[in-house]
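# Overview (structure and organization)
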Amino acid sequence: MASRFSFRFETLLKLRKQREEQCRRVVATRLSQIMATQSRRAEIVDQISRQSESFRRSLQSNMLDVDEVRLSRHWLLRLRQRLFEADAEVAGQHAVLAQERAALAVARKDTKVLETLRERQYSTFVAQVQRREQLELDELNVTRFAHAAMANESEIP
């Protein structure tokens, strides 16, 4: 009867798969954060364009209010500052994402090494089982042949 295949590093393989999956979740979270920041950035750009258009319309009117012009310019500067902050945040997140992707690549490589080792050991195990079965079949056939030969000899007078 054939024995069962047992991989000695199965627990380590499970732990490495868990680490790889955790790295995948971290990368996915980072990508969603980048998308949210880029969405916020696009909203700021839209606000800047609306504020600029509003500022132009107020400058074209006959009655200029100095406080309104100053407030509008201040708001535009504040929006541009938020835009630069968003750009810096996206750049920082991209740098962190690169590090997280590198960690994911290392985790995937570590997992792949053990998976390959497991596959090799399994194929070796299967080959050994097939060799044992073939030897048993050969031995059975030799025994049958020997019995048949002995039966034929006993029939010849």
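Coordinates for the structure precede this section.
Cut-offs and rules
Residues numbered from 1 in each chain as written. Predicted model: local features only at pLDDT ≥ 70, side-chain atom pairs only at ≥ 80, totals over all residues. Heavy atoms only, no water. Axes fitted to C-alpha atoms, helices over the stretch in contact; angles between N-to-C directions. Helix = DSSP H or I, 4+ residues; strand = E, 2+ residues; numbered from the N terminus. Parallel < 35°, antiparallel > 145°, perpendicular 65-115°, else oblique. Left-handed = near helix turned anticlockwise from the far one by under 90°. Nonpolar A, V, L, I, M, F, W, Y, C, P; charged D, E, K, R; others polar. Salt bridge = Lys/Arg side-chain N within 4 Å of Asp/Glu carboxyl O. Buried < 20%, exposed > 50% of the residue type's maximum accessible area, 1.4 Å probe, protein only.

## A closer look at the packing of helix α1 (residues 10-60) against helix α2 (residues 66-155)
- The contact between α1 and α2 brings their axes to 7 Å, and the two run at 165 degrees. The angle between the axes of α1 and α2 places the two elements in the roughly antiparallel class. With respect to the hand of their crossing, α1 and α2 are arranged in left-handed fashion.
- By residue class, the composition of the contact of α1 with α2 is 26 nonpolar, 11 polar and 21 charged.

## Details of the pattern of salt bridges
- Here the structure, examined in full by the defined rule, presents 12 salt bridges.
- The partner of Lys-17 in a salt bridge is Glu-115, with the nearest N and O atoms 4.0 Å apart. Residue Lys-17 is located in helix α1, and its partner Glu-115 is located in helix α2; the two are separated by 98 residues in the primary sequence.
- For Lys-17, a relative accessible area of 40% puts it in the partly exposed group.
- Looking at Glu-115, the relative accessible area reads 17%, which means it is buried.
- Here Arg-108 ties to Glu-20 by a salt bridge, and the two come within 3.3 Å at their closest N and O atoms. Here Arg-108 is found in helix α2, whereas its partner Glu-20 is found in helix α1, with 88 residues between them in sequence.
- Assessed through its relative accessible area of 31%, Arg-108 is described here as partly exposed.
- Among the ionic contacts, a cluster of salt bridges with common partners joins Lys-17, Glu-20, Arg-24, Arg-108 and Glu-115.

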